[in-house]
Protein chains: 2
Amino acid sequence: MYDMTIRLQTDSSVCLYEQIYEHIKREIRGGKLLEGERLPSTRSLADYLQVARSTVDYAYGQLLDEGYIESRPCKGYFVCPLEEVLQIEDREGTVKKQRAVVSPDMHFPKEEAEQNKMLYEYDFSPHDIDMSGFPFSVWKKITRSILTDANRDLFSRGEPQGDYDLRLTISRYLHSSRGVNCEPEQIVVGAGNDYLLMLLEKILGRHVRIAMEYPTYGRSRQIFQSFAYHIVTVDMDENGMMVKQLDREDVSAVYVMPSHQFPSGVVMPIGRRLELLKWAYREPGRYVIEDDYDSEFRYHGKPIPALQASDEQGRVIYLGSFSKAIAPAIRVSFMVLPKPLLEKYRRDCSFYSCTVSRIDQSILNCFIRDGYFERHLNKMRKMYRAKHELLLECLKPFRNDFTISGENAGLHLLLTSKKNLPEAELVRRAAEQGVRVYGLIDSMKDAEACKEYEDSRAGTILLGFGALNREQIEEGVGRLHKVWL
Amino acid sequence: MYDMTIRLQTDSSVCLYEQIYEHIKREIRGGKLLEGERLPSTRSLADYLQVARSTVDYAYGQLLDEGYIESRPCKGYFVCPLEEVLQIEDREGTVKKQRAVVSPDMHFPKEEAEQNKMLYEYDFSPHDIDMSGFPFSVWKKITRSILTDANRDLFSRGEPQGDYDLRLTISRYLHSSRGVNCEPEQIVVGAGNDYLLMLLEKILGRHVRIAMEYPTYGRSRQIFQSFAYHIVTVDMDENGMMVKQLDREDVSAVYVMPSHQFPSGVVMPIGRRLELLKWAYREPGRYVIEDDYDSEFRYHGKPIPALQASDEQGRVIYLGSFSKAIAPAIRVSFMVLPKPLLEKYRRDCSFYSCTVSRIDQSILNCFIRDGYFERHLNKMRKMYRAKHELLLECLKPFRNDFTISGENAGLHLLLTSKKNLPEAELVRRAAEQGVRVYGLIDSMKDAEACKEYEDSRAGTILLGFGALNREQIEEGVGRLHKVWL
């Protein structure tokens, strides 16, 4: 129990002890002070309210007498169990209401998504990852080693862009694993991609006309919408965004996921990438936002460097995150700014403090620098590859009725109905079997923009396998077999 | 060392092993691969690049022969020390440049502020706090208890507003210590006030005309400027913002710090608060942003509840933070939204993920809920009260030449020259003595807006004492005595 802030009125006809007594009684009745909660000691409350100790003593005494609180020897004063308080109210003749002091979860339901999960036995979410592989003991070991007195300065405010050591580690990781060329000064560390996009809005400015693929990642689309950016939708072919369409549009920014487009799973080949860069080079002030959200997991073909690696004129803004590769709770993302934008960042945004605590930055830095991240990635790649192969195997009987795509990388596949079954129907039938699947259109979270798409194409379903184990994949697909074929 | 992303060209006349060899050589020469760094094993690199293992073996062999890398038994291949590489370059007849591979800190100087600290022996920063009181062992204990396998779900994505448990704890703490009335649903947890203001921009919208006191907190002013908000400056008297002036201005929002205004230290009395609320009630859509940044530390008079506690119509947006009371690195702030804005938040912002990791949220929740925070606050109050009294005592000889104000609360005092010595002169003289003090005008970070103020008033200095110990306060003030009196 903290101090209790009571507004005492010294000029009131009600004496001070009574004001304190009435306040606490009201708090207990109103459910603001809960059963078993300790009240401040009389001395500390008297100190805090700047009244004589006897005043508080007297108020507590009255509450004790009336059974609102109880005194436990050597421990202090505690709020009495609820029923006893209600009995007082009964005695006082007030109506015994059904009190709203039950488990907090019952009052404030968790997000809909959380609730829905309870109804499904198998959830093929394309966003969930396998947390069973999380290196818990290593994470604990690093945390312990960082939380030592010697690191006391970690509790001070750090650099706005993130600690230099972490940025150096990220720049080296990006270079070796993604071919990204950058200095640590170009990196801005932030708590999640959403936040970094908010910063980017401050850098790129308002009224930006931005091109996005169709379909695209719904969350990013929502965020650009919340910036009131003018969003231009560009069609995709099997090589990704049809860059030629950009010439017809008056846009200065493009958002793409070249390594593994969400939701389509398309990997943009080098020819198309160069075409996109050429578009950017043609006019000053044109930028490409590359969201490299799950580039770590690739099952076929050679590794493909990031688009940023091919950019020779500083037109690519690279966004990466550790949410997929480590854990969603590791709220560390980063943005690599090309040098011209770096100057704008420094001028317009460098007063925004870093949103990641220095302790978390240090833990992540050790995790990457000391090789644990590489080991973790190798382990996860193996796990996901095995699940990926199993899912493809289980889906063999579906190949007559569905086209399977997006199978080169990432944590989900796409199934498109050859019989033109609509998306909503496929989702509904799966739900009947206790299986949650995700419609392509639904994943875009923008019913209006999807209207045309919906009408013109057969239903496409995203099947994510990240968080499911072997049995769940087999059984889940088995149930889909019953209702989809 | 992670995998190495090399773009191999299968249609090139240069054979694969040579492409790998050339790539690694270039990386070592360019300082991208550093001395002592381990290369991937030949097997893993071959796997990763999807080439035969013998191809990588051959490339490594060549690098070994030429002295770029060395083989350590049972450990793998490592990049050779720099001098050896440079000797190779000499042998090859290239010009021996001064290589830029020194300590990273030498390349990328830390922030100016950090550098300046080196030049001062005593820094009276009004923003720094005493970290020696940080309960390190408790923090470690809680962290250890939270990082157990049983809490594996903490690594999953949490609720956008922050975890319910933490919001419940904060709402109860706010109620008892600050008189704030709110439900956990009204609280939005975020990584720092800056971020929460960014969210608030999405809720309040653009083109907002906002009133701020003069002088005010420079960082908040910068942030509202970066939103392109129209900022109206309102004068202060000894009771804070002169609310009557608001009637002349077309504004819909007001930013105030009623519990302890920064930088003036003024505490807004209840009469002025009610006047401010009345202003808000007069038109729909008017809001007061209450920044309660350091309300925990108060030295005289009774505790004063937050302005939010007096608001009966849901017009106060309450901002709080644990940066001052615990540590700046605890990047957890919170915003209490009045119910009408809560609906807007849910509609327009609830897709922004929470910027604080669930682990950090849980640690803080335990820290508050289990009473450690209260104990910590009591300890810090005592420490700061002692420093505050010492500083006032040391400043006694200054009372002829300076007016001392803002002494009721917080971690800084204000000294205003009675002899009209300008701020810059006072700062300069202090610096000569190795003492860093902060000018009132300078603290506002807005030279233009300050012009008028500067011309019309005597110099005022902020003396922060949070981070200084007794000796530093005594000696620091002693040095000021030499040059200010």
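Up top is the structure.
Residues numbered from 1 in each chain as written. Chains lettered and ligands numbered in written order. Predicted model: local features only at pLDDT ≥ 70, side-chain atom pairs only at ≥ 80, totals over all residues. Heavy atoms only, no water.

Aligned on chain A, chain B shows an RMSD of 0.2 Å; the corresponding rotation is 180° and the shift along the axis is 0.0 Å. When the rotation and shift are considered jointly, the pair of chain copies conforms to a two-fold rotation axis. (Least-squares fit on C-alpha atoms with pLDDT ≥ 70 in both.)

A surface patch of like charges, here positive, comprises Arg38(A), Lys141(A), Arg144(A), Arg375(A), Arg38(B), Lys141(B), Arg144(B) and Arg375(B). For the positive patch, the secondary-structure elements that each account for two or more residues are helix H7 (136-146) of chain A together with helix H7 (136-146) of chain B. Considering the arrangement of structural elements, one finds Arg38(B) in the loop between helix H1 (16-29) and helix H2 (42-49). Of the residues examined, Arg38(B) reaches a relative accessible area of 32% and is grouped as partly exposed. (Patch = residues over 30% accessible without salt bridge, like charges linked within 9 Å, V, L, I, M, F, W, Y side chains within 5 Å. Areas by Shrake-Rupley, 256 points an atom, 1.4 Å probe, with all protein chains shown as cover. Salt bridge = Lys/Arg side-chain N within 4 Å of Asp/Glu carboxyl O. Lys, Arg positive; Asp, Glu negative; His and termini not counted. Charge placed at Lys NZ, Arg CZ, Asp CG, Glu CD. Helix = DSSP H or I, 4+ residues; strand = E, 2+ residues; numbered from the N terminus. Buried < 20%, exposed > 50% of the residue type's maximum accessible area, 1.4 Å probe, protein only.)

Glancing now at the interface of chain B and chain A. Taken together, the contact pairs 93 residues of chain B with 93 residues of chain A. For the pair chain B and chain A, the summed buried surface comes to about 8,600 Å²; carbon and sulfur atoms form 55% of the total. Run the count over chain B and chain A and you get six salt bridges. A salt bridge links Lys202(A) to Glu201(B); the nearest nitrogen and oxygen atoms lie 2.7 Å apart. Counting the contacts that link chain B with chain A gives 29 residue pairs in polar contact (both at pLDDT 80 or more). Sort the elements by how many residues they give to the side of chain B that touches chain A and helix H8 (residues 164-178) of chain B lands first, with nine residues. Class assignment of the residues belonging to the side of chain B that touches chain A gives a composition of 42 nonpolar, 22 polar and 29 charged. (Contact = heavy atoms within 4.5 Å. Buried area = accessible area lost by both parts, 1.4 Å probe. Polar contact = N/O pair within 3.5 Å; in protein donor to acceptor, adjacent residues only side chain to side chain. Nonpolar A, V, L, I, M, F, W, Y, C, P; charged D, E, K, R; others polar.)

All names here are of chain A. Under the counting rule described, the total for this entry stands at 46 salt bridges over all chains. In this structure, the salt-bridge partner of Asp250 is Arg209, at a minimum N-O distance of 3.8 Å. Taken as a pair, Asp250 in the loop between strand E7 (240-241) and strand E8 (253-256) and Arg209 in strand E5 (residues 209-214) lie far apart in primary sequence, 41 residues in all. Take Asp250: its relative accessible area is 56%, and that puts it in the exposed class. The class of Arg209 is partly exposed, set by a relative accessible area of 29%. Salt-bridge contacts for Lys396 lead to Glu393; the nearest nitrogen and oxygen are separated by 3.4 Å. According to the relative accessible area criterion, Glu393 is partly exposed, its value standing at 46%.

This paragraph deals with unusual backbone geometry. That bond from Tyr214(A) to Pro215(A) is cis: its omega, 5°, falls within 30 degrees of zero. Residue placement: Pro215(A) occurs in the loop between E5 and helix H10 (218-226). Phe262(A) connects to Pro263(A) through a cis peptide bond whose omega is 0°. Topologically, Pro263(A) is positioned in the loop between E8 and helix H11 (270-282). Positive phi is not limited to glycine here, since Gln50(A) has a value of about 55°. Turning to its location among the elements, Gln50(A) is positioned in the loop between helix H2 (42-49) and helix H3 (53-65). Accessibility expressed as a relative area gives 44% for Gln50(A), which makes it partly exposed. Backbone geometry places His207(B), a non-glycine residue, at a positive phi of 55°. Tracing the backbone shows His207(B) in the loop between helix H9 (193-204) and strand E5 (209-214).

All we've got here are geometric facts, nothing functional implied.
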